[in-house]
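# Secondary and tertiary structure notes
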Amino acid sequence: MDLSLIIPLYNEADSLPELKAWIDRTLKDFTYEIWFVDDGSTDGSWNVIQQMAGADVHGIRFRRNYGKSAALYEGFAAASGDIVVTLDADLQDSPEEIPEMVRMIREEGYDLVSGWKQHRKDNALTKNLPSKLYNWTARKVTGIKLHDMNCGIKAYRREVVKSIEVYGEMHRYIPYLAKNAGFDKIGEKRVHHQKRKYGKSKFGIDRFVNGLLDLMSLWFLSRFGGKPMHFFGTSGILMFLVGLVMTVWIIVAKLVYQAHDLKFRAVTDQPLFYLALLSVILGVMLFLAGFLGELVSRNATERNHYQVKERF
Ligand code: UDP
Ligand code: MG
């Protein structure tokens, strides 16, 4: 099987037949299977999928809505094609981009090719502008030079999707997950973007706040996931040292003033005293967080999971 197409969908009944026909028209030269993952739709999408069922058209139906990441996770688990392609169900992503993406993986050796929406047909203020900002931040943090990290259409070598675990709302950062799993040949292809024809967008402006938080989490996990003490311990030592220096300063100053019989403010009247107190306490708390983090990561089942590329 050349391709597995994974299509996560939530209430996209109107788009599905057109999408299926478009795929069949476009991918004549490939052998492929389609996995529709119905993420708890309530608009009859599942009936539409059932009507399209065939040898190479499969469906997975969630009992309730879990989110796009969950749908992709199940799709990735089921996929058996050499190359796995994800595609939004709303006809905004064009299947006509797929052959070129496949070629890039096969011939140019990419592990992952992500779409880059040209002339984006979404609301400029609520989507396009924040999206630019968000992608800039993501580029800085992840070190992956993608213009459109969260594009719905992407193609992967099968090993990639079998080596990563998408969860929560991490579908926005699959290239980062892939990079952290050691797949660093990540490319992008400019793709056409269509206006949404049926139904409405499932994500609001809150995506950017959540997206940023997830980015921070992933950054932390990829750098310190296996060694939380290195993060908390370092900041703890710094805090503690700052507090210590201030404390010593306060004591020495007091002794010097006393020795010379000078007038001296009570220690508890000095702002520095409270700053010193705060720093020392914060330092100790950071250390505590570090120890707790170590206990948690020691219990993680994947603490010794590595991506072995080859062995003989
Ligand atoms: N989607 C999903 N579960 C959800 C939300 C969205 O499977 O909880 C699917 C949706 O049906 C579509 C894709 O994810 O196929 C992208 O969603 P949408 O088009 O709403 O995102 P946008 O294009 O606005 O970024
Ligand atoms: Mg869409």
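First things first, this report covers the structure right here in the doc. (Residues numbered from 1 in each chain as written. Chains lettered and ligands numbered in written order. Predicted model: local features only at pLDDT ≥ 70, side-chain atom pairs only at ≥ 80, totals over all residues. Heavy atoms only, no water.)

## Let's talk about the sheet that holds strand β1 (residues 3-9)
What counts, and what does not: Between any two strands, pairing holds if DSSP finds at least two bridges. Runs of E in the DSSP output that reach at least two residues are strands. Runs of H or I that reach at least four are helices, and both are numbered from the N terminus. To obtain each axis, a line is fitted to C-alpha atoms, and for helices this fit is confined to the stretch in contact; angles are then taken between N-to-C directions over 0 to 180 degrees.
Ordered in space as β3-β2-β1-β4-β6-β5-β7, the seven strands form an open sheet in which the pairing is mixed. Among the strands making up the open sheet, the edge pair consists of β3 (57-61) and β7 (186-192). Direction aside, the axes of adjacent strands within the sheet are offset by 20° on average. Strand direction decides the pairing type here: strand β2 (residues 32-38) and β3, joined by five bridges, are parallel.

## Thoughts on a nonpolar patch on the surface
To be explicit about the condition: Only residues above 30% relative accessible area that lack a salt bridge enter a patch, with like-charged residues linked at up to 9 Å and the nonpolar side chains Val, Leu, Ile, Met, Phe, Trp and Tyr linked at up to 5 Å. What sets the accessible areas is the Shrake-Rupley method with a 1.4 Å probe; for residues, cover comes only from the shown protein chains. Salt bridge, as used here, is a side-chain nitrogen of Lys or Arg placed within 4 Å of a carboxyl oxygen of Asp or Glu. Any residue under 20% of the maximum accessible area for its type is buried, any over 50% is exposed, and the rest in between are partly exposed; the area is computed with a 1.4 Å probe on protein chains only.
A cluster of nonpolar side chains, namely Ile237, Phe240, Leu241, Leu244, Val248, Val252, Val256, Tyr257, Leu262, Val284 and Leu288, defines an oily patch on the protein surface of about 930 Å² accessible area. Of all the secondary-structure elements, those providing two or more residues to the nonpolar patch are α9 (228-259) and α10 (271-298). Ranked by residues supplied to the nonpolar patch, first place goes to α9 with eight residues. Judged by relative accessible area, Val284 falls into the partly exposed class, the value being 42%.

## Observations concerning the site of ligand 1
The condition that has to hold: Any residue with a non-hydrogen atom lying within 4 Å of a molecule or strand is treated as near it. N or O atoms within 3.5 Å of each other form a polar contact, as long as, within protein, one can give a hydrogen and the other can take it, and as long as residues adjacent in sequence are counted only when both atoms are side-chain atoms. The nonpolar class holds Ala, Val, Leu, Ile, Met, Phe, Trp, Tyr, Cys and Pro. Asp, Glu, Lys and Arg form the charged class, and all remaining residues, Gly among them, are polar.
Taken together, 18 residues surround ligand 1, and among them Asp39, Asp90, Lys127, Ser201 and Lys202 come closest. At 2.6 Å from an oxygen atom of ligand 1 is found a side-chain nitrogen or oxygen belonging to Glu12. Expressed as a share of its isolated accessible area of 530 Å², the protein-covered part of ligand 1 is 94%. Residues of the shell around ligand 1, tallied by class, amount to five nonpolar, four polar and nine charged.

## Section: the side chain of Asp111
Our working rule: Whether two residues are in contact is decided by their heavy atoms, any of which lying within 4.5 Å being enough.
By the secondary structure assignment, Asp111 is in the loop between α4 (98-108) and β5 (112-118). The contact partners of Asp111, leaving out residues within four places of it in the chain, are Ile105, Ala155, Tyr156, Arg157, Val160, Phe183, Asp184 and Lys185.

## Side note on the pairing of β2
Inclusion rule: By the criterion used throughout, a crossover qualifies as right-handed when its path from the first strand across the helix to the second strand runs clockwise, the strands pointing away from the viewer.
With respect to burial, β2 is a largely interior element, seven of its seven residues being buried. Side chains of β2 alternate between two faces, with Tyr32, Ile34, Phe36 and Asp38 and Glu33, Trp35 and Val37 buried alike. The pairing of β1 with β2 spans seven bridges and is parallel. Residue Ser4 lies in a different strand from β2, and its bridge partner there is Glu33. Handedness of the β1-helix α1 (residues 16-26)-β2 crossover: right-handed. With respect to chirality, the unit in which β2 leads through helix α2 (residues 45-52) into the neighbouring parallel β3 is right-handed.

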